Amino acid sequence: MPLKLFAQHNIFFSSSPSSSPMADHGFFRLCLAIFTIFFCLKSPCLCQKVTLSLYYETLCPYCADFIVNHLANVFENGLISIIDLRLVPWGNALIRPDRTFVCQHGDSECALNIIHACAINAYPDVEKHFPFIYCAERLALENRLNEWVNCLDMAGLSRALIDCYTNGYGNLMEQRYAEETSELKPPHQFVPWVVMNNQPLQKDYQNFMMYVCKAYGGNQVPEVCSILNSSTEMLRRNFNSSVEKLGDNHLVCYATDRELGSKSP
């Protein structure tokens, strides 16, 4: 990142014998502030992105539907340019006292959660790991889960991710995701649980793009935001109600429905 590169260079400012270290430090901070402002004006998307976090579990059909039929659209309509997208594959799973995992949809879900965590860790760029996650979730929707390994080749990811699962490193990452999920405030009640700038969207998660557009404070607004605004106004006129009410009937996997019958090492 340019700001990091700027900080890493050994830049010194000459000073006269009468200047003090405090003055030099103040001048450096002033220059850094000016540089930061200029950088943000030139690249507003980088400085003012909206943070969007998805807490999910891999075999919840409603999580898969959201990822495949809704979230994936941000890569096609350009909205990803203003989003800092985070994926957290843990969901409604639990950790037993013996440190084994219990997943709402059985051992297969525990295993796939770990594989997703390995992909996110090995390829932190969302543009790299999301195609794999999209592929695996699409196969889950199509009841072709046993073909998930083909998604590694499709997304151009290394099969070393399988080693990440077998050697236990993926378990460590899942424990971190478990801790992060448990610290959500308010606590998550179901998945998919979508949080935008630390605010949960609750059952209105499918309208996340509208919320992202409203929260974005930059100047380079993607065209899709204008389209969404027009659609919102039309819906309000036609139905005389807020768009937020559209989310009341969205299906979710509730945390209260999980059982302790399945575990993963």
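Residues numbered from 1 in each chain as written. Predicted model: local features only at pLDDT ≥ 70, side-chain atom pairs only at ≥ 80, totals over all residues. Heavy atoms only, no water.

**Topic: the sheet that holds strand E1 (residues 50–56)**
On the basis of which strands lie adjacent, the open sheet formed by four strands has the order E2-E1-E6-E7 and mixed pairing. In this open sheet, the two edge strands, each paired with only one partner strand, are strand E2 (83–89) and strand E7 (199–200). In this sheet, E2 lies alongside E1 in parallel orientation, the contact comprising seven bridges. If you follow Tyr 56 over to E2, its bridge partner there is Pro 89. Strand contacts of helix H4 (residues 61–71): E1, E2 and strand E6 (193–196), with the helix running at about 145° to E1, the strand carrying the most contacts. This element, helix H11 (residues 208–215), spans E1, E2 and E6 of the sheet and lies at about 155° to E1. (Pairing = 2+ DSSP bridges. Helix = DSSP H or I, 4+ residues; strand = E, 2+ residues; numbered from the N terminus. Contact = heavy atoms within 4.5 Å. Axes fitted to C-alpha atoms, helices over the stretch in contact; angles between N-to-C directions.)

**Quick look at the packing of aromatic side chains**
Enumeration according to the criterion identifies eight aromatic pairs in this entry. Between the aromatic rings of Phe 130 and Tyr 134, the centroid separation amounts to 6.4 Å while the plane-to-plane angle is 35°, which identifies the pairing as tilted. Highlighted residues: Phe 130 and Tyr 134, both in helix H7 (residues 126–141), separated by four residues, approximately one helical turn. Overall, Phe 130 belongs to the buried group, its relative accessible area being 5%. (Phe/Tyr/Trp six-rings, centres within 6.5 Å; stacked < 30°, edge-to-face > 60°. Buried < 20%, exposed > 50% of the residue type's maximum accessible area, 1.4 Å probe, protein only.)

**Brief notes about the packing of H4 against H7**
Two elements in contact, H4 and H7, have axes separated by 9 Å at closest approach and are oriented at 125°. If you check the angle between H4 and H7, you find them oblique. Here H4 and H7 pass one another in a crossing that is left-handed. The residues of H7 that touch H4, namely those facing Pro 61, Cys 63, Ala 64, Asp 65, Ile 67, Val 68, Asn 69 and Leu 71, are Phe 130, Ile 133, Tyr 134, Glu 137, Arg 138 and Leu 141. (Parallel < 35°, antiparallel > 145°, perpendicular 65-115°, else oblique. Left-handed = near helix turned anticlockwise from the far one by under 90°.)

**Section: the pairing of E6**
With burial as the criterion, each face of E6 is covered, one bearing Trp 193 and Val 195 and the other bearing Val 194 and Met 196. The sheet contact formed by E6 and E7 spans two bridges and is antiparallel. Bridged to Val 195 within E7 is Pro 200. The antiparallel pairing of E6 with E7 creates a hairpin that spans two residues between the two strands, and Asn 197 there sits at a positive phi of about 50°.

**Topic: helix H6 (residues 107–122)**
Spanning 16 residues, H6 covers 23 Å between terminal C-alpha atoms, matching the ideal 22 Å at 1.5 Å per step. For H6, the full list of buried residues reads Glu 109, Cys 110, Leu 112, Asn 113, Ile 114, Ile 115, His 116, Ala 117, Cys 118, Ala 119 and Ile 120. On its buried face, H6 is in contact with E1, E2, strand E4 (101–102), H7, helix H9 (160–166) and helix H10 (169–182). (Expected span 1.5 Å × (residues − 1).)

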